[in-house]
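Structural overview
Below are the chains, spelled out letter by letter.
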Amino acid sequence: MTKNESTTHGAVLPDTPAQDEDAPIVELRGAGKSYGNIRALHGVSLTVHPGKVTCVLGDNGAGKSTLIKIISGLHQHTEGDFLVDGRPVRFSTPREALDKGIATVYQDLAVVPLMPVWRNFFLGSEMTKGPWPLRRLDIETMKKTADAELRNMGIVLDDLEQPIGTLSGGQRQCVAIARAVYFGARVLILDEPTAALGVKQSGVVLKYIAAARDKGLGVIFITHNPHHAYMVGDHFSVLRLGTMELNASRDEVSLDELTNHMAGGAELAALKHELAQVRGVDVDELPEETDLTAPVGTSEGTS
Amino acid sequence: MSMTQHAEPAVETPPAPGPKETDGRTARRPLALRLLARPEVGVFLGAAAVYVFFLIAAPPVRDGGSMATVLYQSSTIGIMTLPVALLMIGGEFDLSAGVAVITSALTASMLAYQLTVNVWVGVVAALVVSLAIGFFNGWMVVKTGLPSFLVTLGTFLILQGANLAVTKLVTTNVATDDISNMDGFDQARKVFASSFDIGGVQVKITVFYWLVFAALATWVLLRTKYGNWIFAVGGNKDSARAVGVPVTFTKISLFMLVGLGAWFVGMHQLFTFNTVQSGEGVGIELIYISAAVIGGCLLTGGYGSAIGPVFGAFMFGMVQQGIVYAGWNPDWFKAFLGVMLLGAVLINLWVRQSATRR
């Protein structure tokens, strides 16, 4: 339960170019999204660096999904800036985001359940051979590559022909992560990868998040579990009602503070005085407002 | 909570791929079970059973000429069943497939006759119209997100009405005029409706087209990117879109493929009978869909094959002609269809469950 003593990982791979260390791959500056007159997201600033894990936390309806959809190209932002490699972008399809090296692993739509594992692995980026009228799938190479890549990530499967729906939830997530890593993703967006998993399965997924990070990928880890986030995260952003409530790096925030923010702690603390007068509500354990010293997001200043 | 992100050491060089390491939790299923899990095996057994049944019940079936008739009957169903099956694997339905065949034939016939041009002009115009109908269906389904059942039910009614109304308007009759004396007719008939002599038996050209198209569809489905996309958009279109599969293109092109099939069968009918009855085609779409389902295609998409529907269509052709050869009342055909459909669905369900059970 202490602040972490270091923010760097001993595991920077030699193939990660050193000059990229400080330049963010993806950057949001005061970005927001409105659907008609409903403002789903407002004033969100976020950076993703190679070899770092940026955690985005928030309760249901906090705007996490909207944030992912903007970065992955499913939706477009309506305010602020979205930069990739320092240049402003606006994706109209997920394909464009993929071409920039931004891959998303969705919680429930990561794979096509009835298709074999290897077909899922290469779906949308199939390997082919032969000239056009006879151009066909290079099935042998694909199977071999999928097997090698999965083993590389520590996933051993007996039969790549089995429908991916027969794998466990954690295994499916891992296949999706391995796929993104193989296809040269520089930024990996993980949408609540541990939400539907048991304790052990979650551990396995967290291990692959760490493995992807150690390969030099920038990871955006969406979760509402602060414990999972704190195990692998370098930077934490807490969303609340579409704005940023907390935006802090690992050395600026402790797990306790993070948990508090996640639980709506700042609001609860403000209510502490009021709640204290209600019989039956135990407020002793609630933190005082002044205890929450972590820096808050820019949105607080603008609103 | 002392466990932080340093739990994992730096990524080591991956272990050299040594002798096959296995998970060990999943034993490889026996060959028989793996075979049974294939979508086309159940229908193959069913087709064989129906064939043997009529071989015994209707002695004329044993003759080569009758077999050629059965195959011809199967091929006219089978050629349309193929694109309908691919569309079903892609997660959609086309209720307009039956009347679209007639629309295509009417277009070619009336356009060529009224303008007194070479029939090939009509053939090309019919192709354009058929593809346009397919495009319209696909575009409506993709852009509105409505179930294809509703969209194509609309198209079905529109085409059914328009077929009759336009034909009456143009020819003052419910059938089109005979085009057998027109330029290019003989040539077109050779392409779409000729016969071959094989060992003294006349076999219609559609049988060959049917088998060639089936082989082509199988190859596309299992060995090309496009085939992979068909399974993906039918299995889970959101996942498919998220990993970069062109969902809109795949779905619209599948509907257009049904249009292509309708054009082909429509041309066959036109050049076989020289004239087209504008009220036909209603109800045939259900035969195509049933043949695809009996052929092992999942109604909800994402699963199936092109070979299964070949056997499905053969089963239908066999029953339709077999009843005639057995000397029974042909009205029983539809009743047989219903029984076969239910039976096939139940067998498929049972086979798939027992084959995928571990």
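Residues numbered from 1 in each chain as written. Chains lettered and ligands numbered in written order. Predicted model: local features only at pLDDT ≥ 70, side-chain atom pairs only at ≥ 80, totals over all residues.

Some words on the overall build of chain B
- When helices and strands are tallied, chain B shows 14 helices and 2 strands.
- Out of the 358 residues belonging to chain B, those deemed buried represent 47%.
- Summarising the internal contacts of chain B: among those between residues at least 6 apart in sequence, 78% fall at separations of at least 24. (Helix = DSSP H or I, 4+ residues; strand = E, 2+ residues; numbered from the N terminus. Buried ≥ 20, exposed ≤ 12 C-beta atoms within 10 Å, placed from the backbone. Contact = placed C-beta atoms within 7 Å.)

Quick word on the overall build of chain A
- Along the backbone of chain A there are 10 helices and 12 strands.
- The proportion of buried residues among the 303 residues of chain A is 46%.
- Once local pairs closer than 6 in sequence are excluded, the contacts in chain A between residues at least 24 apart make up 70%.

Details of the packing of helix α3 (residues 64-89) of chain B against helix α11 (residues 247-273) of chain B
Residues and elements named next belong to chain B.
- Interhelical geometry of α3 versus α11 gives an angle of 175° and a closest axis separation of 8 Å. It follows that α3 is roughly antiparallel to α11 by the angle criterion. Facing Thr-76, Ile-79, Met-80, Leu-82, Pro-83, Val-84, Leu-86 and Leu-87 of α3, the residues of α11 in contact are Leu-254, Phe-255, Leu-257, Val-258, Leu-260, Gly-261, Ala-262, Phe-264, Val-265 and His-268.
- Here the residues of the contact of α3 with α11 sort into 15 nonpolar, 3 polar and no charged. (Axes fitted to C-alpha atoms, helices over the stretch in contact; angles between N-to-C directions. Parallel < 35°, antiparallel > 145°, perpendicular 65-115°, else oblique. Nonpolar A, V, L, I, M, F, W, Y, C, P; charged D, E, K, R; others polar.)

Some thoughts on the environment of Ile-158 of chain B
- For Ile-158 of chain B, the position within the fold is in helix α6 (residues 148-171).
- Residue Ile-158 of chain B is classed as partly exposed on the basis of its 15 C-beta neighbours within 10 Å.

Notes on the confidence of the model for chain B
All names here are of chain B.
- Per-residue pLDDT for chain B has a mean of 87; in total, 87% of the residues score no lower than 70.
- In the predicted structure, residues 1-20 sits below a pLDDT of 50 and forms 25 contacts with residues beyond four places in sequence or in another chain.
- Overall fold confidence for the complex sits at a pTM of 0.78, while the interface term, ipTM, reaches 0.78. (pLDDT = per-residue confidence, 0-100.)

Let's talk about helix α5 (residues 169-182) of chain A
All names here are of chain A.
- Here α5 is 14 residues long and its end C-alpha atoms lie 20 Å apart, about the 20 Å a rise of 1.5 Å per residue gives.
- Counting buried positions along α5 gives 10 out of 14 residues, so the element sits mostly inside the fold.
- Every buried residue of α5 is accounted for by Gly-170, Arg-172, Gln-173, Cys-174, Val-175, Ala-176, Ile-177, Ala-178, Arg-179 and Ala-180.
- For α5, the elements touching its buried residues are β6 (102-105), α3 (117-122), α4 (139-152), β9 (187-191) and α6 (199-214). (Expected span 1.5 Å × (residues − 1).)

Focus: the sheet that holds β9 of chain A
Residue and element names in this part refer to chain A.
- A sheet is described by the order of its strands in space; here 6 strands give the open sequence β6-β9-β10-β3-β11-β12, paired in mixed fashion. At either margin of the open sheet sits one strand with a lone partner, and together these are β6 and β12 (243-249). Strand-to-strand twist of the sheet, defined as the mean angle between neighbouring strand axes without regard to direction, takes the value 15°.
- The pairing of strand β3 (residues 53-58) with strand β10 (residues 218-223) spans 5 bridges and is classified as parallel. What sits directly across from Leu-57, in β10, is Thr-223.
- Seen against the sheet, α5 touches β6 and β9 and runs at an angle of roughly 175° to β6.
- Seen against the sheet, α6 touches β3, β9 and β10 and runs at an angle of roughly 155° to β10. (Pairing = 2+ DSSP bridges.)

Observations concerning the nonpolar core
- Ranked by size, the top nonpolar core spans 172 residues in total, and within it Leu-188 and Ile-209 of chain A carry the most contacts.
- Top contributing element to this core by residue count: α11 of chain B, with 14 residues. (Core = buried A, V, L, I, M, F, W, Y, C linked by C-beta atoms within 7 Å.)

Topic: the sheet that holds strand β1 (residues 26-35) of chain A
Residue and element names in this part refer to chain A.
- A sheet is described by the order of its strands in space; here 4 strands give the open sequence β2-β1-β4-β5, paired in antiparallel fashion. Whereas interior strands pair on both sides, the edge strands pair on one side only; in this sheet they are β2 (38-48) and β5 (87-88).
- Bridging between β1 and β2 involves 7 bridges; their strand directions are antiparallel. Looking at β2, one finds that Tyr-35 is bridged to Ile-38.

A look at the environment of Arg-29 of chain A
Residue and element names in this part refer to chain A.
- Position of Arg-29 relative to the elements: it lies in strand β1.
- By C-beta crowding, Arg-29 is classed as partly exposed, having 15 other C-beta atoms within 10 Å.
- The sequence separation of Arg-29 and Asn-152 amounts to 123 residues, and the corresponding C-alpha distance is 36 Å.
- Not counting residues within four places of it along the chain, the set of residues in contact with Arg-29 comprises Ser-45, Gly-80 and Asp-81.

Focus: the packing of helix α2 (residues 41-57) of chain B against helix α13 (residues 307-325) of chain B
All names here are of chain B.
- For the pair α2 and α13, interaxial distance at closest approach is 9 Å and the crossing angle is 20°. The angle between α2 and α13 falls in the class roughly parallel. As for the relative orientation of α2 and α13, their crossing is left-handed in sense. On the side of α2, the interface is formed by Val-43, Phe-44, Gly-46, Ala-47, Val-50, Tyr-51 and Phe-54, while α13 contributes Gly-308, Phe-311, Gly-312, Phe-314, Met-315, Met-318, Val-319 and Gly-322.
- For the contact of α2 with α13, a count of residues per class yields 11 nonpolar, 4 polar and no charged. (Left-handed = near helix turned anticlockwise from the far one by under 90°.)

Notes on the pairing of strand β2 (residues 201-204) of chain B
Residue and element names in this part refer to chain B.
- In this structure, strand β1 (residues 195-198) lies alongside β2, joined through 4 bridges in antiparallel fashion. The partner of Ile-198 across the bridge, within β2, is Val-201.
- Connecting β1 to the next strand, β2, in antiparallel fashion are 2 residues, including Gly-199 with a positive phi near 55°.

With respect to unusual backbone geometry
- A positive phi is found at Asp-85 of chain A, a non-glycine position, where the angle reads about 55°.
- Topologically, Asp-85 of chain A is positioned in the loop between β4 (79-84) and β5.
- Not every positive phi belongs to a glycine, and Thr-172 of chain B is a case in point at roughly 50°.

Topic: the environment of Arg-250 of chain A
Residue and element names in this part refer to chain A.
- Within the fold, Arg-250 resides in the loop between β12 and α8 (255-262).
- Accessibility expressed as a C-beta count within 10 Å gives 23 for Arg-250, which makes it buried.
- In the structure, Arg-250 is positioned 14 residues away from Phe-236 in sequence and 7.1 Å away in space, judged by C-alpha atoms.

Quick look at the pairing of β3 of chain A
All names here are of chain A.
- Most of β3 is tucked away: 6 of the 6 residues are buried.
- Side chains of β3 alternate between two faces, with Val-53, Cys-55 and Leu-57 and Thr-54, Val-56 and Gly-58 buried alike.
- Both β3 and strand β11 (residues 235-240) contribute to a ladder of 5 bridges, which runs parallel. Across the sheet, Val-56 pairs through a bridge with Ser-237, a residue of β11.

Comments concerning the confidence of the model for chain A
All names here are of chain A.
- Scored by pLDDT, chain A comes out at a mean of 79, with 80% of its residues at no less than 70.
- Low pLDDT, under 50, characterises residues 1-20; the predicted model gives this stretch 31 contacts beyond four residues in sequence or across chains.
- Taken together, the stretch residues 297-303 has pLDDT below 50 and engages in 14 contacts with residues farther than four places along the chain or on a different chain.

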